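Architecture and fold: a report
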Amino acid sequence: MTSEPSSKALNFRVAEFFTSAPKLADCPPDIGVEVAFAGRSNAGKSSSINTLTENKKMARISKTPGRTQLINFFRLSDSQRLVDLPGYGYAKVPLAVKETWQRHLEQYLRERQSLKGLILLMDSRHPLQEFDRMMITWAQSCQMPVHILLTKSDKLKNGPAKSTLLKVRNEFGAEPLISVQLFSSLKRTGLPELRAKLGEWLGPAQPQLKDASS
């Protein structure tokens, strides 16, 4: 079966901000299912979430990369969430702060039981940077599925974009838990593929509560 009945398909437009947490201990109860978005601070993470949810104000886009230092939760239903992890790489902050971010990110990936998959965003012009590989290593160590979004693909011509996609796919060709696609927030290319992957991990639509915050 390749298609769910429309009544059960996830509607990402209903996403709403739920809460923010500086570390794992402050996250919402570890129940239900969630998918996290991670990437370098200039990878287009916020733009991708806003395109996915068709809400330009869903994830704040800062003019200063690396400004977001919190784990941000967006609710699709009382049991389904999208998670925006802190950007990393460009932030001009002390090394000790960056190390703290890394520790919290790794703890979240390793210990969060409701986390069903990781969307890892990479600028398609500069894929597989040090942070990207670090995130993949963490995910592999805990058998976490990873879907790589090669963002800003509109900035590449068709040939180079496909070459980049093939290169990244070939690097992880033998890894069943890693998938790769091209994506452009500006052109909305790759959006159906991203939504399909999220639907696979999050499951069909669930009833949405008016307010489940406490």
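Scroll up a little and you will see the structure.
Overview of the structure. This structure is a prediction, so every number in the text was calculated from the model and none was measured.

As a further point, take helix α4 (residues 158-171). Taking 1.5 Å per residue, 14 residues should reach 20 Å; α4 reaches 20 Å between its end C-alpha atoms and fits that length. When we look at burial in α4, the residues that qualify are Ala161, Thr164, Leu165 and Val168. The buried residues of α4 occupy an angular sector of 100 degrees when the element is viewed end-on, so they sit on one face. Among the exposed residues of α4, those oriented more than 90 degrees off its buried face are Lys162, Leu166, Lys167 and Asn170. The secondary structure elements touched by the buried residues of α4 are β6 (146-151) and β7 (178-182).

This next bit is on the sheet that holds β6. Taken in spatial order, the 7 strands line up as β1-β3-β4-β2-β5-β6-β7 in an open sheet, and their pairing is mixed. Because the sheet does not close on itself, it has two edges, and the strands there are β1 (16-21) and β7. On average, each strand axis in the sheet is tilted by 25 degrees relative to the strand beside it, whichever way the strands run. Across 5 bridges, β1 lies against strand β3 (residues 71-77) in antiparallel orientation. By the bridge assignment, Glu16 is partnered in β3 with Arg75.

Within the largest apolar cluster, 36 residues are counted, with the highest numbers of intra-cluster contacts made by Leu85, Tyr108, Leu118, Met135, Ile136, Ile148 and Leu150. Elements represented by at least two residues in this core include exactly β2 (33-39), β3, α2 (95-111), β5 (115-123), α3 (130-141), β6, α4 and β7. Broken down by element, the residue count for this core peaks at 6 residues, all from α3. The residues touching Tyr108, leaving out its near neighbours within four places in the chain, are Leu24, Cys27, Glu34, Ala36, Ile71, Val83, Leu85 and Leu115. The next biggest cluster of nonpolar side chains, apart from the first, holds 23 residues, and it includes Phe37, Met58, Leu149 and Phe183.

For an α-helix, 3.6 residues make a turn, and residues three or four places apart therefore share a direction. Across its 17 residues, α2 extends 24 Å between first and last C-alpha, which sits within 8% of the 24 Å expected from 1.5 Å per residue. As for α2, its buried residues are in contact with β2, β3, β4 (80-84), β5 and α3.

In this section: the side chain of Arg75. Among the secondary structure elements, Arg75 is positioned in strand β3. Side-chain polar atoms of Arg75 contact the side chain of Glu16, separated by 2.5 Å.

What counts and how
Residues numbered from 1 in each chain as written. Predicted model: local features only at pLDDT ≥ 70, side-chain atom pairs only at ≥ 80, totals over all residues. Heavy atoms only, no water. Helix = DSSP H or I, 4+ residues; strand = E, 2+ residues; numbered from the N terminus. Expected span 1.5 Å × (residues − 1). Buried < 20%, exposed > 50% of the residue type's maximum accessible area, 1.4 Å probe, protein only. Arc of directions from axis to C-beta. Contact = heavy atoms within 4.5 Å. Pairing = 2+ DSSP bridges. Axes fitted to C-alpha atoms, helices over the stretch in contact; angles between N-to-C directions. Core = buried A, V, L, I, M, F, W, Y, C linked by side-chain atoms within 4.5 Å. Polar contact = N/O pair within 3.5 Å; in protein donor to acceptor, adjacent residues only side chain to side chain.

By themselves, these are just geometric observations and shouldn't be taken as functional.
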